[in-house]
Amino acid sequence: MSNSSAVAQQIARSLVHSGVSDVVFAPGSRSAPLVYALAPLAEAGLIRTHVRVDERDAAFLALGLARGLRARGCESAVAVVTTSGSAVANLHPAVLEASYGHVPLLALTADRPARLRGTGANQTIDDQSQVLSDVRARFDISAGETAEAVHRAMSDAVAAALGSRRDTGTEAAGPVQINVQFDTPLVPTPNELDTWKNEIVEQVGNGAGQRSTTTTTASESHPNLGITVTEGTVIVAGDAGGHSAESLRALAADHHLPVLAEPSSPLARTSADHSNSSATEAAEASTLVPAHARVLSEHSELRESIRTVIVHGKPTLTRPVAALLADETVTVQRIPDAVDAFDLTVRDERTVADDETAAGETQGTAASGETWVRAWIDAGTSLVAAARTERSAERSPEPDKGENPGAASAKDFQATARRVTEHLAAQDITLFVASSNSVRYLSDATDIRARIHASRGLAGIDGLISTATGLSLGLGEPVVLLIGDIAMLHDIGGLLTPSTEDAGDVTIVVLNDDGGAIFSGLEHSQPHLEGFLERYFTVPHGRGFADLAAGYGWDHEQVTSAEEFEAALGRIDGQRDAGARRIIEVTAPH
């Protein structure tokens with residue numbers, strides 16, 4: 001047997017042994033040994049394989065798959081396979097998101113033999129194993145390695161990708177690169193392929209190599225995690241990469257801790273699953289603070305009373321939260337994303353009983369207990385109500401005197417986009433939300449029943465269609481993607497699914513306001529900078545998505561109001577076809 005086929009088959013054995021369930025391929029010749037080793041495993045039902053035409057979308061698909069598997073309770077590293085050369089560099093955006101979003105990803109990069117490095121050989125990077133930064137570990141395997149060495153490297157790679165559940169930084173789950181130096185011949189002989197297939201059949205018959213699907217039961221012991229609660233304690237929660245946080249939700253309710261949660265945090269749901277309580281009881285127990293960033297900015301008496309912040313996930317959405325976490329007078333406790341894998345032990349250092357006023361509080365606001373929570377929730381509720389009243393007053397059939405018609409149209413579109421977003425948030429769906437304005441509209445939603453996911457590791461706008469597709473395939477359920485027009489254009493190739501591949505079940509809701517409107521709400525919109533804004537920041541493009549949808553085989557419907565959107569979404573829910581792919585484009589009236 002050729003060295004390349006032998007190494008590829010050992011990699012395949014090790015992946016199954018380590019519990020890897022899904023592998024994504026981008027076509028290439030140098031990576032062919034992995035195709036011939038892994039495809040028969042898929043035929044035997046030991047793994048699932050997926051194919052995408054380019055490496056960037058393949059990597060983001062793998063990222064979404066890993067997140068979906070985790071959210072489903074079947075955590076597994078997901079591998080993405082590429083050929084050599086610049087193909088490897090195309091994995092980098094997804095690798096970076098996996099690194100900072102703590103998602104287990106294996107980059108299996110095919111390479112030429114080491115003897116060809118530095119010789120100018122075709123499609124050969126001098127040290128391809130160093131191309132991808134921010135990986136948890138990297139391995140460079142030659143085609144002549146022994147089976148034992150390959151198995152050891154692969155086991156270490158998967159372990160590094162899954163990470164330490166206790167870590168919140170560089171040892172948390174993340175990407176790993178396994179660079180494999182395949183030499184010719186790159187294809188097995190007929191006898192070698194038959195022998196490999198027979199081995200797989202024998203393993204399946206003996207039950208060997210079957211990946212475990214067992215989950216931890218309530219009777220199994222969990223490691224302990226200590227949390228300290230003081231007066232003035234709040235929980236700040238960001239995206240946790242698909243991990244649940246029901247134990248932290250219960251802790252917040254039991255100890256009356258305000259929860260400042262970003263939309264994609266598992267703590268953001270106002271209607272979570274409570275098997276032993278009614279919906280009314282669950283709502284009453286919630287300590288979620290609406291519009292928490294504005295509360296931090298506009299209620300100094302609450303902000304200045306904070307002494308301890310318990311941080312879960314990666315909160316990066318708002319500047320007031322960033323300022324809070326940077327405050328050296330505040331104690332910050334960062335807890336693992338996989339908080340539900342631990343038994344929580346609380347050290348309560350508060351000296352004030354519930355509903356009592358803390359001594360020395362100049363504003364009369366208790367910094368603990370039910371009074372503390374109620375003050376935060378009431379402040380947020382009032383701010384949301386005031387903002388909605390203000391936005392409603394701004395809406396009128398005609399622009400205000402002296403108001404630019406374009407500005408009036410932008411306000412109307414934003415009002416529609418907010419209503420669309422809040423309607424989606426209130427549905428019992430899985431919602432993947434893009435960065436920029438899409439996720440910010442969700443921040444003001446007060447009824448969140450959707451299970452919200454987002455790529456918040458680096459909060460980029462690339463690869464989101466592919467990530468949402470992977471999320472659907474990983475979860476095995478429909479996903480709604482809420483995305484802006486610029487982010488949609490960034491990953492337009494993600495609309496393409498090869499005809500033999502599973503496309504998942506994805507409905508895309510694209511908020512098309514013709515450019516990057518988020519910049520109009522940042523400091524770049526100051527009057528003295530107005531001349532730079534449109535060309536260099538908002539970048540209007542004047543394009544709709546009907547023709548692109550048709551070209552890629554997606555159904556398309558355009559709506560201009562929240563009422564039209566709700567009707568269009570209702571038609572999809574009422575006539576769901578697992579094979580259909582749908583785009584609802586929300587635009588301003590023309």
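Residues numbered from 1 in each chain as written. Predicted model: local features only at pLDDT ≥ 70, side-chain atom pairs only at ≥ 80, totals over all residues. Heavy atoms only, no water.

1. A look at the overall build of the chain
Line of reasoning, step 1. Scanning the chain for helices and strands turns up 20 helices and 18 strands.
Line of reasoning, step 2. In the chain, which comprises 590 residues, the share counted as buried stands at 50%.
Line of reasoning, step 3. Long-range contacts, defined as pairs at least 24 residues apart, comprise 78% of the intrachain contacts of the chain with a sequence gap of at least 6.
Line of reasoning, step 4. Element-wise, carbon and sulfur atoms account for 49% of the exposed surface of the chain, whose accessible area totals about 25300 Å². (Helix = DSSP H or I, 4+ residues; strand = E, 2+ residues; numbered from the N terminus. Buried < 20%, exposed > 50% of the residue type's maximum accessible area, 1.4 Å probe, protein only. Contact = heavy atoms within 4.5 Å. Areas by Shrake-Rupley, 256 points an atom, 1.4 Å probe, with all protein chains shown as cover.)

2. What to know about the side chain of S264
Line of reasoning, step 1. In this structure, S264 sits in the loop between β9 (259–261) and α9 (279–285).
Line of reasoning, step 2. With relative accessibility at 4%, the residue S264 sits in the buried group.
Line of reasoning, step 3. Engagement of the side chain of S264 in a polar contact is seen with the side chain of D239, the distance being 3.0 Å.
Line of reasoning, step 4. When neighbours within four sequence positions are excluded, S264 is seen to be in contact with D239, I452, H453, A454 and R456. (Polar contact = N/O pair within 3.5 Å; in protein donor to acceptor, adjacent residues only side chain to side chain.)

3. Some words on the sheet that holds strand β14 (residues 451–453)
Line of reasoning, step 1. Taken in spatial order, the six strands make up an open sheet running β14-β13-β15-β16-β18-β17, and their pairing is parallel. Two strands bound the open sheet, and with one partner strand each, they are β14 and β17 (555–559). Here the average twist between neighbouring strands, direction ignored, is 20°.
Line of reasoning, step 2. One ladder, built from five bridges, connects β17 with strand β18 (residues 582–586); its direction is parallel. Each bridged residue has a counterpart across the sheet, and for D555 the counterpart in β18 is R582. (Pairing = 2+ DSSP bridges. Axes fitted to C-alpha atoms, helices over the stretch in contact; angles between N-to-C directions.)

4. Digging into the environment of A107
Line of reasoning, step 1. Within the secondary structure layout, A107 lies in strand β4 (residues 105–111).
Line of reasoning, step 2. Discounting chain neighbours no more than four positions away, the residues touching A107 are V80, L91, L132, V176, Q177 and I178.

5. Brief notes about helix α2 (residues 32–43)
Line of reasoning, step 1. Compared with the 16 Å implied by 1.5 Å per residue over twelve residues, the 17 Å span of α2 between its first and last C-alpha is a close match.
Line of reasoning, step 2. Burial in α2 covers these residues: A32, P33, L34, A37, L38, P40 and L41.
Line of reasoning, step 3. Of the surrounding elements, those touching the buried residues of α2 are α1 (3–17), β1 (22–25), β2 (48–51), β3 (78–82), β4 and α7 (190–206).
Line of reasoning, step 4. Where α2 ends, the next residue or the one after it, G45, has phi of about 85°, a positive value. (Expected span 1.5 Å × (residues − 1).)

6. Here we look at the pattern of salt bridges
Line of reasoning, step 1. Within the structure shown, the criterion is met by 24 salt bridges.
Line of reasoning, step 2. Across the pair D462 and R56 runs a salt bridge, and its minimum N-O distance is 2.8 Å. In this pair, D462 sits in the loop between β14 and α16 (464–475) while R56 sits in helix α3 (residues 55–71), placing the two residues 406 residues apart along the sequence.
Line of reasoning, step 3. Given the relative accessible area of 21%, D462 is considered partly exposed.
Line of reasoning, step 4. Across the pair R449 and D447 runs a salt bridge, and its minimum N-O distance is 3.1 Å. (Salt bridge = Lys/Arg side-chain N within 4 Å of Asp/Glu carboxyl O.)

7. A closer look at the packing of α1 against helix α6 (residues 147–162)
Line of reasoning, step 1. Running from N to C, α1 and α6 point in directions that differ by 40°, and their axes come no closer than 9 Å. With respect to each other, α1 and α6 are oriented oblique. Relative to α6, the crossing made by α1 is right-handed. Here α1 contributes V7, Q10, I11, S14, L15 and H17 to the contact with α6, which in turn contributes A147, V150, H151 and M154. (Parallel < 35°, antiparallel > 145°, perpendicular 65-115°, else oblique. Left-handed = near helix turned anticlockwise from the far one by under 90°.)

8. Quick look at the side chain of R70
Line of reasoning, step 1. Mapped onto the elements of the fold, R70 is located in helix α3.
Line of reasoning, step 2. Classification of R70 as buried rests on a relative accessible area of 7%.
Line of reasoning, step 3. Discounting chain neighbours no more than four positions away, the residues touching R70 are E75, H102, V103, P104, A173, A240, G241, G242 and H243.

9. Overview of the nonpolar core
As a rule of thumb, nonpolar side chains are buried together in soluble globular proteins.
Line of reasoning, step 1. The biggest cluster of nonpolar side chains holds 50 residues, and the ones touching the most others in it are I235, L424, L431 and F565.
Line of reasoning, step 2. Per-element tally for this core: the top contributor is helix α14 (residues 405–425), with five residues.
Line of reasoning, step 3. Not counting the four nearest positions on each side in its chain, F565 is found in contact with V420, H423, L424, V509, V559, I584 and V586.
Line of reasoning, step 4. In terms of nonpolar packing, the next biggest core, distinct from the first, is built from 36 residues, I47, V81, M154 and V176 among them. (Core = buried A, V, L, I, M, F, W, Y, C linked by side-chain atoms within 4.5 Å.)

10. Here's the deal with a nonpolar patch on the surface
Line of reasoning, step 1. A surface patch of nonpolar side chains, about 220 Å² in accessible area, is lined by V35, Y36 and V187.
Line of reasoning, step 2. With respect to the element layout, V35 can be found in helix α2. (Patch = residues over 30% accessible without salt bridge, like charges linked within 9 Å, V, L, I, M, F, W, Y side chains within 5 Å.)

11. Topic: α6
Line of reasoning, step 1. Between the first and last C-alpha of α6 there are 23 Å, a value that for 16 residues agrees with the 22 Å anticipated at 1.5 Å per step.
Line of reasoning, step 2. Buried positions along α6 lie against α1, β4, β5 (137–142) and β6 (175–181).
Line of reasoning, step 3. A positive phi of about 70° marks G163, the residue just after α6.

12. Observations regarding the pairing of β2
Line of reasoning, step 1. Direction of pairing for β1 relative to β2: parallel, over a ladder of four bridges. When the sheet's bridge partners are listed, D22 is paired in β2 with R48.
Line of reasoning, step 2. Following the chain from β1 across α2 to the adjacent parallel β2, one finds a crossover that is right-handed. (Right-handed = clockwise from strand over helix to strand, strands pointing away.)

13. Structural notes on the confidence of the model for the chain
Line of reasoning, step 1. Here the chain averages 89 in pLDDT, while 89% of its residues score no lower than 70.
Line of reasoning, step 2. A low-confidence stretch, residues 274–284 stays under pLDDT 50, and its non-local contacts, those more than four residues away or across chains, total three contacts.
Line of reasoning, step 3. Scored below 50 in pLDDT, residues 352–364 makes 18 contacts in the model with residues more than four places away or belonging to other chains. (pLDDT = per-residue confidence, 0-100.)

14. Quick look at unusual backbone geometry
Most of the time, phi is negative for any residue but glycine, and the peptide bond is trans.
Line of reasoning, step 1. In the segment running from T184 into P185, the intervening peptide bond is cis, with an omega of 0°.
Line of reasoning, step 2. Look at D514: it is not a glycine, yet its phi comes out positive at around 60°.
Line of reasoning, step 3. Along the chain, D514 turns up in the loop between β16 (506–511) and α18 (530–538).
Line of reasoning, step 4. Given a relative accessible area of 31%, D514 falls into the partly exposed group.
Line of reasoning, step 5. The phi dihedral of V539 is positive, around 50°, even though this residue is not glycine.
Line of reasoning, step 6. Along the chain, the position of V539 falls in the loop between α18 and α19 (546–552).

15. Quick look at the packing of aromatic side chains
Line of reasoning, step 1. A full pass over the atoms with the stated rule returns two aromatic pairs.
Line of reasoning, step 2. Arranged with centres 5.7 Å apart and planes meeting at 80°, the rings of W372 and W376 form a pair that is edge-to-face. Of this pair, W372 and W376 are both found in helix α13 (residues 369–394), four residues apart, which corresponds to roughly one turn of the helix.
Line of reasoning, step 3. By relative accessible area, W372 is classed as buried at 1%.
Line of reasoning, step 4. Classification of W376 by relative accessible area gives buried; the value is 0%. (Phe/Tyr/Trp six-rings, centres within 6.5 Å; stacked < 30°, edge-to-face > 60°.)

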